[in-house]
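Given next are the chains, with one letter for each unit.
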Amino acid sequence: QVQLVESGGGLVQAGGSLRLSCAASGRTLSMSAMGWVRQAPGKEREFVARIAWNVATTYYADSVKGRFTISRDYAKNTGYLQMNSLKPEDPAVYYCAARTGGQSSYGSWGQGTQVTVSS
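Here is what the cut-offs are and how they apply
Residues numbered from 1 in each chain as written. Predicted model: local features only at pLDDT ≥ 70, side-chain atom pairs only at ≥ 80, totals over all residues. Heavy atoms only, no water. Core = buried A, V, L, I, M, F, W, Y, C linked by side-chain atoms within 4.5 Å. Buried < 20%, exposed > 50% of the residue type's maximum accessible area, 1.4 Å probe, protein only. Helix = DSSP H or I, 4+ residues; strand = E, 2+ residues; numbered from the N terminus. Phe/Tyr/Trp six-rings, centres within 6.5 Å; stacked < 30°, edge-to-face > 60°.

This part takes up the nonpolar core. Formed by 28 residues in total, the largest nonpolar core has its most connected members in Trp36, Leu81, Met83 and Tyr94. The set of elements that each furnish at least two residues to this core consists of strand 1 (2-7), strand 3 (18-26), strand 4 (31-39), strand 5 (46-52), strand 7 (68-73), strand 8 (78-83), strand 9 (92-100) and strand 11 (113-118).

Below, the structure written as C-alpha cells:
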C-alpha cells in the first residue's frame, strides 16, 4: 500500500498560481503512476493530470492543458501539480492518487487539499 499526503492548496486570485505537492510513502517502489483528480461541490470527480512514475510521461485533461504541469521527484517520492493562470472554474478539492503494479485504477488516495480562486 502507498500512503499519500497532499499540501499546497489555498486561496489565490484568478490568474495566479499554486503548486500542490503529494508526498508518497510505503510501497513507493511499486508505484506505476500518480494522478491528480479534483472535485468541486455538487460535481463529480474530474481527472486533471497523470504522470507515469518511472518514465514521467504526462497526460492532461483538456480543461487544464497548457496551464497545469504535473511532475515528480523520483528520489523524494513526491509528485507536484503546478497550476498557473488559475480560473474561476478551477476551485475544488484536489486529490492525488497512485496506481501500483498492474492496477488499472487508483488504489491509494490522499486526503485532498482545497484550492480556492477569487475573482
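Attention shifts here to the packing of aromatic side chains. For the coordinates displayed, the defined rule picks out 3 aromatic pairs. When the centroid spacing of 6.4 Å and the interplanar angle of 35° are considered together, the rings of Trp53 and Tyr74 count as tilted. Remark: Tyr74 occurs in the loop between strand 7 and strand 8 and Trp53 occurs in the loop between strand 5 and strand 6 (58-60); sequence separation between them is 21 residues. For Trp53, a relative accessible area of 1% corresponds to the buried category. Taking relative accessible area as the criterion, Tyr74 reaches 39% and is therefore assigned partly exposed. When the ring of Tyr95 is compared with that of Trp109, the centres are 6.5 Å apart and the planes differ by 80°; the resulting orientation is edge-to-face.

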